[in-house]
Amino acid sequence: MENRETSAAKLMALLRLARQPVGVKLVDTKEEYDKIEAQELIAPLEYCVSVRSAGLGHSIKFTKENSGCSGSTRALGFEKPSQEFYDGREGCQLGLFADPEIARETNRQVKMIDSQPYGIVVKPLQKFEVDPDVVIVVGRAREMMRLVQGYTCTYGLQPQVSLSGNQALCIECTAAPMETGRMNLSLMCSGTRFLARWGEDEVGMGIPYDKFDGTVQGVWDSVNGTELDERKHEIKKAMEKLGCNCNDMTFGTAYYLSARSVKSKS
């Protein structure tokens, strides 16, 4: 497995990412928490805002005391869900469900962290001293497409996406990949778009850290078949700056160009 700085740099080179890949780690003990270098919150902050901040280069850690969102406090294991959550009353009161039955069934299926952490560390992947639990990548739809292609190239189909449009960063990008061991897509939620002010065209992806290097490798391995030559030249230049061997890169080989050529001849 490559070091975290190298794998993050490669992904930045392969994709036009405006934000850095973010690592998230749930820490079990105060001793471990204290050793990790990051700015500790002294006032409550929403988890999704901490992810946005980390994507811009900041390192943050916090305990339940300064977890500034009740939804993420529950989703990330700081506290157990209430009866009102499980019976659907809470979701209906928020105007998110047509009736309590739909809310109950949805909440029964969503993935949440079962263990109770001491604290959570959120910072750029390349700044982690230890392996995080999950990597969150935020970008435009095309960049997420390439991430999915990279994952598929290495691991095959991800057949079950947990997607509700609610609790985007905490459940869809963090708890779901941690609990299932698979990547998970998020189209964001209204709360995080308001609080963290993501761009309207941005979506998120959570990848278990033990599958991150393989996903990045898959993005690289699929460049010849998926990218046009103009973009390939940009990628080649960026990857060579990182010391990568690009001798196997080919041009004029995007699969859809071949399909179009065959169709025009028939």
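The model shown is predicted, which means the values in this text are computed figures rather than measured ones. (Residues numbered from 1 in each chain as written. Predicted model: local features only at pLDDT ≥ 70, side-chain atom pairs only at ≥ 80, totals over all residues. Heavy atoms only, no water.)

On to the packing of helix H1 (residues 4-14) against helix H13 (residues 229-241), then. Running from N to C, H1 and H13 cross one another at 155°; their axes reach a closest spacing of 8 Å. Judged by the inter-axis angle, H1 sits roughly antiparallel to H13. Relative to H13, the crossing made by H1 is right-handed. Residues Lys 10, Ala 13 and Leu 14 of H1 form the contact with H13, whose own contacting residues are Arg 231, Ile 235, Ala 238 and Met 239. (Axes fitted to C-alpha atoms, helices over the stretch in contact; angles between N-to-C directions. Helix = DSSP H or I, 4+ residues; strand = E, 2+ residues; numbered from the N terminus. Parallel < 35°, antiparallel > 145°, perpendicular 65-115°, else oblique. Left-handed = near helix turned anticlockwise from the far one by under 90°. Contact = heavy atoms within 4.5 Å.)

A word on the packing of helix H3 (residues 47-55) against helix H9 (residues 168-180). Remark: H3 packs on H9, axes separated minimally by 8 Å, with the N-to-C direction vectors making an angle of 65°. Accordingly, the angle class assigned to the pair H3 and H9 is roughly perpendicular. Between H3, through Tyr 47, Cys 48 and Val 51, and H9, the contact on the second element is made entirely by Leu 169, Cys 170 and Thr 174. Among the residues making up the contact of H3 with H9, the classes are represented as five nonpolar, one polar and no charged. (Nonpolar A, V, L, I, M, F, W, Y, C, P; charged D, E, K, R; others polar.)

If you look at the biggest cluster of nonpolar residues, it comprises 33 residues, and the most contacted ones within it are Val 24, Tyr 47, Ile 120, Val 122, Ile 136 and Leu 169. Looking at this core, the elements that each hand over two or more residues are strand E1 (22-27), H3, strand E3 (60-63), strand E4 (119-124), strand E5 (134-140) and H9. By residue number, the principal contributor to this core is H9, which donates six residues. Setting aside residues no more than four positions away along its own chain, Val 122 makes contact with Val 22, Gly 23, Val 24, Tyr 47, Ser 50, Val 51, Ala 54, His 58, Ser 59, Ile 60 and Phe 62. Listed in part, the 27 residues of the second largest apolar core include Tyr 209, Trp 220, Val 223 and Ile 235. (Core = buried A, V, L, I, M, F, W, Y, C linked by side-chain atoms within 4.5 Å. Buried < 20%, exposed > 50% of the residue type's maximum accessible area, 1.4 Å probe, protein only.)

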